[in-house]
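Chain and residue survey
Spelled out, the chains give:
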Amino acid sequence: MLAKLIDNVTFFFKTFDDHRGYRVKQGEGKLYLSEEGILVSENGSWYNLPLEMIYDVNRIEGDRPGLEFKIPGMDVIVKGNNREFLWALRHFLLPNVRSS
């Protein structure tokens with residue numbers, strides 16, 4: 001599998017229960033795009049967000065730009081340094097994500 005590095009990021013995974021969000025994992029690593037989906041790596045651990053599970057992707061404004069990926073039962077938020085790469089990734093993904 002080939003993967004293209006998009007940015008160095010901080011990330012957190014937030015799961016939902018009764019309309020409350022709980023952080024289940026957070027860290028610093030790298031964000032990649034592969035043929036199968038989005039990958040987040042941290043110290044040898046890899047987290048895969050398959051394209052078929054992503055139903056929304058939103059921009060995050062501010063000093064540290066980012067993206068929010070929505071998958072069933074969880075939001076994944078990544079914040080990086082390269083706004084243009086992150087937002088280009090969002091633009092690239094939008095036609096491929098399923099509608100909610």
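Summary of the structure given here. (Residues numbered from 1 in each chain as written. Predicted model: local features only at pLDDT ≥ 70, side-chain atom pairs only at ≥ 80, totals over all residues. Heavy atoms only, no water.)

**Looking at the overall build of the protein chain**
Cut-off, in case you're wondering: Secondary structure elements are defined from DSSP: runs of H or I of at least 4 residues count as helices, runs of E of at least 2 residues count as strands, and each element is numbered from the N terminus. With a 1.4 Å probe rolled over the protein chains alone, any residue whose accessible area is under 20% of its type maximum counts as buried; one over 50% counts as exposed, and the rest are partly exposed. We call two residues in contact when some of their heavy atoms are within 4.5 Å. To measure how exposed things are, a 1.4 Å probe is used in the Shrake-Rupley method; for residues, cover is taken only from the protein chains shown.
Along the backbone of the protein chain there are one helix and seven strands. Its helices and strands in sequence order give the protein chain the pattern β-β-β-β-β-β-β-α, from N to C terminus. Taking the principal axes of its C-alpha atoms as reference, the protein chain extends roughly 35 × 30 × 30 Å. Here the protein chain holds 100 residues, and the buried ones make up 41% of them. Considering only contacts in the protein chain between residues 6 or more positions apart, those separated by 24 or more positions represent 44%. In the structure as shown, the protein chain presents an accessible area of about 6100 Å², 49% of it carried by carbon and sulfur atoms.

**Some words on the nonpolar core**
Basically, it comes down to this: The term nonpolar core refers to a set of buried residues drawn from Ala, Val, Leu, Ile, Met, Phe, Trp, Tyr and Cys, joined through side-chain atoms within 4.5 Å.
Within the largest apolar cluster, 22 residues are counted, with the highest numbers of intra-cluster contacts made by Leu31, Ile38, Phe69, Val78 and Leu89. Contributions of two or more residues to this core are made by strand S1 (3–17), strand S2 (20–34), strand S3 (37–42), strand S6 (66–71), strand S7 (74–79) and helix H1 (83–93). In this structure phenylalanine 69 touches Ile38, Leu49, Ile54, Asp56, Val57, Met74, Asp75, Val76, Val78, Leu89 and Leu93, once residues within four positions along its chain are discounted.

**Topic: H1**
As a reminder of what qualifies: Here the arc refers to the set of directions running from the helix axis out to each C-beta atom.
All of the buried residues in H1 are Leu86, Trp87, Leu89 and Leu93. Each buried residue of H1 sits inside an arc of 150° when the element is viewed along its axis, so together they form one side. Of the residues in H1, the exposed ones pointing more than 90 degrees away from the buried face are Glu84, His91 and Phe92.

**Observations concerning the pattern of salt bridges**
Heads up, the condition is: Think of a salt bridge as a Lys or Arg side-chain nitrogen and an Asp or Glu carboxyl oxygen that are within 4 Å of each other.
If you walk through the whole model with that rule in mind, you get five salt bridges. The partner of glutamate 61 in a salt bridge is arginine 59, with the nearest N and O atoms 3.3 Å apart. Put simply, arginine 83 and glutamate 61 hold a salt bridge, and the shortest N to O gap is 4.0 Å. Remark: glutamate 61 occurs in the loop between strand S5 (56–60) and S6 and arginine 83 occurs in helix H1; sequence separation between them is 22 residues.

**Here we look at unusual backbone geometry**
Backbone geometry places asparagine 43, a non-glycine residue, at a positive phi of 45°. Counting through the fold element by element, asparagine 43 comes out in the loop between S3 and strand S4 (45–50). For asparagine 43, a relative accessible area of 78% gives the class exposed.

**So, the pairing of S6**
Keep this limit in mind: At least two bridges found by DSSP between two strands is the condition for calling them paired.
Across the six residues of S6, six count as buried, placing the element largely inside the fold. Here S6 shows two buried faces, one formed by Gly66, Glu68 and Lys70 and the other by Leu67, Phe69 and Ile71. In terms of strand pairing, S5 meets S6 through five bridges, oriented antiparallel. Across the sheet, the residue bridging to arginine 59 is leucine 67, located in S6. The turn linking S5 back onto S6 is made up of five residues, and glycine 62 within it adopts a positive phi angle of 120°. Examined bridge by bridge, S6 and S7 share six bridges and lie antiparallel to one another. The residue of S7 that forms the bridge with lysine 70 is aspartate 75. Counted between consecutive antiparallel strands, the loop separating S6 from S7 contains two residues, among which glycine 73 sits at a positive phi close to 80°.

Any functional reading would require information that these geometric values do not contain.
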